[in-house]
Amino acid sequence: MDLVFTSDAPDAPLIHAIIDTLADAAGVCAKLIDDADKVVAVNRRGAALIGKAAEDICGDLWAGLWDGSSAEDAQAALERARTGAVASFTGTLAGDDKPRAVRALPLMAEGTGVQTVLALTSRANPGDHEVIMALPSALHAFANLANVSASSARLLKRGLDDDMTGQLADDLGAAAERASAAIEDLRQLIDRDRETSGG
């Protein structure tokens, strides 16, 4: 495996061995990120898998490799890994519309905190992207249900005539149906993803 390092990469032989072992898995781009949030090592084969040249990644800020809100997710995953926890997200790289699954793992600790994070990037299952895209409409349906329920509770406390009670029941029923449909859509996407991934 051919790795590219910045000139000041910490303990390069150890890092090389770790990345070499992990990045042999097909479809994985392994990157080491230092305490300045810069990529200090990347496997050349993995860089090619995400459509980049290793030299273009190495030395760059980790979050700068990602597009839009994915950059925020990348930074949050990095910060979580620095606390010693494993973090993951699905996002898109800058200039690329394919969803990528990422795991950020704490790797080397010195003193009081994690100094080096290993980020593994692979192609996300197609269903991951569809589930993520379906979440906003599902959340919107749940928010509407919560708003209609809260409003209905206030009206019921005041007392209602028969017409208003009927209208309230219709509104609650419609909001519940939209929320149920959103849940079912998400369930179908998740079940289909499990079937295609063998999970």
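Computed from a predicted model, the values in this text were never measured in an experiment.

Asks: Please clarify how the overall build of the chain should be interpreted in this entry.
Replies: Scanning the chain from terminus to terminus reveals six helices and six strands. Its helices and strands taken in sequence order, the chain reads β-α-β-β-α-α-α-β-β-β-α-α from the N to the C terminus. Burial statistics for the chain: of 199 residues in total, 34% are counted as buried. Partitioning the contacts of the chain with sequence separation of at least 6, the portion at a separation of at least 24 is 48%. On the chain, roughly 11,100 Å² of surface is accessible, and the fraction owed to carbon and sulfur atoms is 52%.

Asks: Hey, could you run me through the pattern of salt bridges in this one?
Replies: Oppositely charged side chains are able to pair whenever their charged atoms sit close together. This model, assessed by the stated rule, comprises four salt bridges. For D37, the salt bridge goes to R82, with nearest N and O atoms at 2.9 Å. On the criterion of sequence distance, the pair formed by D37 in the loop between strand 2 (29-33) and strand 3 (39-43) and R82 in helix 4 (residues 69-82) is long-range, its members being 45 residues apart. Between R44 and E55 there is a salt bridge, with its nearest N and O atoms 2.7 Å apart. Residue R44 is located in helix 2 (residues 44-49), and its partner E55 is located in helix 3 (residues 54-57); the two are separated by 11 residues in the primary sequence. Judged by its relative accessible area of 30%, R44 is partly exposed. By sharing partners, the salt bridges in this structure join D96, K98 and R100 into a single network.

Asks: Help me understand the nonpolar core in this model?
Replies: Note that soluble globular proteins tend to have their nonpolar side chains buried in a common cluster. Counting 25 residues, the largest nonpolar core has V42, W62 and W66 as its most contacted members. Elements with a minimum of two residues in this core: strand 2, strand 3, helix 3, helix 4, strand 4 (87-92), strand 5 (99-110) and strand 6 (113-123). Considering each element in turn, this core owes the most residues, five residues, to helix 4. Not counting residues within four places of it along the chain, the set of residues in contact with W66 comprises A71, A74, F89, G91, T92, L93, A94, R100, V102 and T121. A30, L32, V40 and L118 belong to the second-largest nonpolar core, a separate cluster that totals five residues.

Asks: What's the story with the packing of aromatic side chains in this structure? I'm lost.
Replies: For any pair of aromatic rings, the description consists of the separation of the ring centres together with the inter-plane angle of the planes. In total, this model carries two aromatic pairs according to the counting rule given. Residues W62 and W66 carry aromatic rings whose centres are separated by 5.5 Å and whose planes lie at 70 degrees to one another, so their mutual orientation is edge-to-face. Since its relative accessible area comes to 5%, W66 is described here as buried. Where W66 meets F89, the ring centres are 5.2 Å apart and the plane angle is 70 degrees; that geometry is what we call edge-to-face. Linking W66 in the loop between helix 3 and helix 4 with F89 in strand 4, this pair joins segments that are 23 residues apart in sequence. Residue class for F89 comes out buried when judged on its relative accessible area of 11%. Ring-pair connections join several aromatic residues into one group, and the members of that group are W62, W66 and F89.

Criteria and cut-off values
- Residues numbered from 1 in each chain as written.
- Predicted model: local features only at pLDDT ≥ 70, side-chain atom pairs only at ≥ 80, totals over all residues.
- Heavy atoms only, no water.
- Helix = DSSP H or I, 4+ residues; strand = E, 2+ residues; numbered from the N terminus.
- Buried < 20%, exposed > 50% of the residue type's maximum accessible area, 1.4 Å probe, protein only.
- Contact = heavy atoms within 4.5 Å.
- Areas by Shrake-Rupley, 256 points an atom, 1.4 Å probe, with all protein chains shown as cover.
- Salt bridge = Lys/Arg side-chain N within 4 Å of Asp/Glu carboxyl O.
- Core = buried A, V, L, I, M, F, W, Y, C linked by side-chain atoms within 4.5 Å.
- Phe/Tyr/Trp six-rings, centres within 6.5 Å; stacked < 30°, edge-to-face > 60°.

In short, geometric facts, not functional conclusions.
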